[in-house]
Structure formats: C-alpha cells, structure tokens
Amino acid sequence: MSNNINEGTIPAEQLVVMSNRIRVWSGTVKISRESDLAAIKDELPPKTLASDGRWTLIESKHLAGLESVRKSIERDLKDEGFSYVGCGIAVTSEKCRRFLSQLPKYEQDFNTALDDICRNLDTFYQEMADKAGIWKQALVDARLTPQQVKERCQFGMNVFRMASPDNDPNSIASRQYRSTVSEAFPALLDSVAKDAGRLLETYRGKSRMLQPQLQNIRKLVAKLKAFAFLDPRVGPATAGMQAVLANMPVTGVLNEVNASMCVAVLEQLVRPETIIEHGVGVIADANSQRQSNQAALAFADEPDFVPPASTSIPSARPALAGLSMGM
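Predicted, not measured: the structure shown is a model, and the values here were computed from it. Along every chain, residues carry numbers that run from 1 in the direction the sequence is written. Whole-chain, interface and lining totals are the exception, using all residues; otherwise, since this is a predicted model, local features are given only for residues with pLDDT of at least 70 and side-chain atom pairs are given and counted only at 80 or more. Just so you know, side-chain values use all the structure's heavy atoms and leave hydrogens and water out.

1. So, the packing of aromatic side chains
Any two aromatic rings considered together are summarised by their centre-to-centre distance and by the angle between their planes. Here the aromatic set is Phe, Tyr and Trp, taking the six-membered ring for Trp, and pairing holds for ring centres within 6.5 Å; pairs whose planes are under 30 degrees apart are stacked, those over 60 apart are edge-to-face, and all others are tilted. For the coordinates displayed, the defined rule picks out 6 aromatic pairs. Ring centres of Phe-82 and Tyr-84 lie 6.1 Å apart, and the angle between their planes is 50°; this geometry places the pair in the tilted category. Summarising the burial analysis for this pair, Phe-82 and Tyr-84 share the class buried. Between Phe-82 and Phe-227, the aromatic rings sit 5.1 Å apart at their centres with planes inclined by 80°, giving edge-to-face as the arrangement. Separated by 145 residues along the polypeptide, Phe-82 in strand E4 (residues 82-84) and Phe-227 in the loop between helix H8 (211-226) and helix H9 (234-246) bring together distant segments of the chain. The exposure class of Phe-227 is buried, given its relative accessible area of 0%. Here the aromatic residues Phe-82, Tyr-84, Phe-227 and Phe-229 are joined through ring pairs into a cluster of three or more. When a residue's accessible area, from a 1.4 Å probe over protein chains only, is under 20% of the maximum for its type it is buried; when over 50% it is exposed; and in between it is partly exposed. Put simply, DSSP marks the helices as runs of H or I at least four residues long and the strands as runs of E at least two long, and each gets a number from the N terminus on.

2. Quick word on the pairing of strand E1 (residues 16-20)
Among the 5 residues of E1, 4 are classified as buried, and the element is accordingly described as predominantly covered. Here a strand pair is declared whenever DSSP counts at least two bridges between the two strands. Strand direction decides the pairing type here: E1 and strand E5 (residues 88-91), joined by 3 bridges, are antiparallel. If you follow Val-16 over to E5, its bridge partner there is Val-91. Pairing of E1 with strand E6 (residues 157-161), which is carried by 5 bridges, proceeds in the antiparallel orientation. For Met-18, the partnering residue across the bridge sits in E6 and is Val-159.

3. A word on the packing of helix H7 (residues 184-203) against helix H10 (residues 256-269)
The contact between H7 and H10 brings their axes to 8 Å, and the two run at 145°. Considering how the two elements wind past one another, H7 and H10 form a crossing that is left-handed. Contact residues: H7 offers Val-192, Ala-193, Ala-196, Leu-199, Leu-200 and Tyr-203, while H10 offers Val-263, Leu-266, Glu-267 and Leu-269. Amino acids are sorted into nonpolar (Ala, Val, Leu, Ile, Met, Phe, Trp, Tyr, Cys and Pro), charged (Asp, Glu, Lys and Arg) and polar (every other residue, Gly among them). Class assignment of the residues belonging to the contact of H7 with H10 gives a composition of 9 nonpolar, no polar and 1 charged. Interaxial angles span 0 to 180 degrees and are taken between N-to-C directions of axes, which are lines fitted to C-alpha atoms, for helices over the stretch in contact. Each crossing gets its hand from how the near helix is turned against the far one by less than a right angle, where anticlockwise is left-handed and clockwise is right-handed. The contact criterion used throughout is that any non-hydrogen atoms of two residues lie within 4.5 Å.

4. Comments concerning the side chain of Ser-171
Among the secondary structure elements, Ser-171 is positioned in the loop between E6 and helix H6 (172-181). When its relative accessible area of 12% is taken as the criterion, Ser-171 is described as buried. Polar contacts here mean pairs of N or O atoms no more than 3.5 Å apart (in protein, one a potential hydrogen donor and the other a potential acceptor; neighbouring residues in sequence count only if both atoms are side-chain atoms). At 3.1 Å, the side chain of Ser-171 and the side chain of Ser-174 are in polar contact.

Listed below in structure tokens is the structure:
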C-alpha cells in the first residue's frame with residue numbers, strides 16, 4: 001500500500017479503514033409456516049405482526065471456532081487502531097501492511113474451523129434432535145447439507161481510505177464528508193482514554209508493576225504516537241511520555257517509584273484535554289522561540305551591530321517535555 005499522500009490531503013485521509021466481511025452461519029434455519037406449522041397456521045398471528053421464528057439445528061458453542069477468528073481479527077486491528085466510521089477500524093498504512101501479510105493465516109484458521117463443523121455436522125444435529133422431543137422430526141427435515149452450511153459462511157476484509165465524493169467544497173456531500181473526517185481525532189483520543197482507564201483501574205495504588213503491565217502502557221503510548229499526524233498537538237505529549245517510559249527497567253519487577261510514574265502516564269492518557277493543552281503550550285513556546293531567533297538574526301544584520309566578545313551560557317538541566325511529576 002502506497003504511502004504517497006497528495007499535497008493538501010486531509011490528515012484523516014491517511015488512515016486505512018478496515019472491517020471484516022466474515023459471515024458465520026447462525027446454526028438455525030427459518031421456520032416455514034406452510035410446512036413446519038401447517039397444522040396450526042390458521043391460529044397464528046399474521047406475518048405483519050410476528051415472525052414464525054427459526055429452528056435451532058446445532059448449538060451455538062459449535063460455531064465458536066468461526067467466531068474466534070472474527071474476534072481475533074478485531075483484537076489485532078484494535079490493538080494498534082481505533083473504531084471509526086461505523087464498524088470500521090482505523091489503522092496506519094504500516095499496520096495495514098503487517099495485518100494483510102497475516103490475513104492468509106486467519107483465513108486458513110476460519111476454513112479449518114468450518115471444515116471441522118461440517119465434518120461433525122451429523123453429530124451436532126443429533127445432539128440437538130435428542131433434546132427436541134415431539135419436534136425432533138421437524139429438526140431432521142430442516143437440516144442443511146455440509147455444502148449449504150459452507151455457503152452460509154464467508155471470509156473476507158474491507159480495506160479502504162477516506163476520500164471526498166465531491167469536488168465542490170460547498171456541496172452537501174462535501175460538508176458531510178468533512179464532518180466525518182473531523183471525527184477521526186476525537187475517536188482516537190476516546191479509544192486511548194478508554195483503554196487507559198481500564199488499565200488505571202487495575203494498576204492504581206499498586207506498589208509494584210510487572211513487565212507485561214508496563215508493556216500495555218507502552219503500547220498505548222505507541223498507538224497515540226502512530227496517529228500523531230492527525231493533530232500536531234499529539235507529538236509533544238507522546239514524546240514526554242515515551243521519555244518517561246524509556247527510563248523504566250526492561251527486566252524484573254518495577255518498584256513503587258517506577259510504578260507511580262507509569263500510573264502518572266496513564267492518568268495523562270485518560271484525560272485527552274491534558275494532551276491537547278500540553279501540545280498547545282509546547283507549540284506556542286516553539287513559535288515564540290522561533291520568532292525571537294528571527295528577531296535576533298534581523299538585528300544582527302544591521303550595519304552598526306557589533307557582536308559581543310563572548311557570550312555566557314548559563315548551566316541548566318534541560319526540562320523533560322511531555323510529562324512532569326514530582327516525587
């Protein structure tokens with residue numbers, strides 16, 4: 001997938017939006033009023049008021065292998081992405097490439113699970129029929145063949161990028177499109193905040209922290225950094241948080257001091273407004289410094305300017321951007 005982004009592209013258009021096209025058989029079939037309920041069809045309410053229901057041919061637990069693949073795909077994408085535009089998950093181009101390289105494995109797992117279901121279909125049918133009592137024959141008559149079961153299942157993925165449907169910026173379509181892309185950055189912050197909140201509930205107040213727990217925090221900060229192109233205010237905050245996490249031990253159990261610093265990172269992630277405020281402050285400071293440097297250079301270009309013989313450089317410890325805390 002190309003990384004070439006046209007000049008003037010809206011940041012959200014750099015996102016790759018993915019969603020699965022996996023279809024899993026429900027294990028049921030529709031009840032036929034004319035055949036299955038012929039004896040009582042005149043006593044039933046009209047179809048405009050109530051449906052006739054469905055026969056359950058096999059228990060849902062036997063379909064768990066198929067559902068497991070669907071859930072694994074969702075976890076994989078959301079691990080580095082976030083929910084966006086309905087059922088889609090927004091990821092970076094890099095994540096998209098890595099995911100698609102693993103797609104054949106997911107498809108193989110899906111087909112293996114489907115083959116297992118079809119191979120044991122008669123056993124699953126009999127298991128349900130034995131519980132059906134007087135309705136046993138109705139279940140037997142409604143059974144699907146293995147081929148019919150396979151036709152009711154499907155594996156696939158949707159992969160696309162955002163693009164305006166109209167060249168007229170004032171059209172209804174363009175206005176709706178701008179509204180959609182404007183939701184990308186808030187959706188990212190909301191996703192990170194929710195994940196950070198769940199971790200915070202577990203980690204807050206602990207005197208120690210394990211390496212896997214630290215890794216969960218690193219992954220959250222890395223996710224935020226990966227989508228920094230959505231808003232320039234994200235970069236300064238993530239730089240500071242990564243600097244804090246870089247000082248954590250890479251092996252062994254983290255002590256109380258280190259654990260409290262990690263919790264402080266989570267407390268910043270759980271409040272998106274602090275990330276934005278920090279970014280605004282850092283950007284403003286950088287702009288102010290740039291203007292001061294430009295003014296100094298302009299002054300130095302004056303013909304009567306005489307540079308000082310020496311310049312005293314004060315000794316100061318550089319501040320750590322992004323996250324400040326007192327111990």
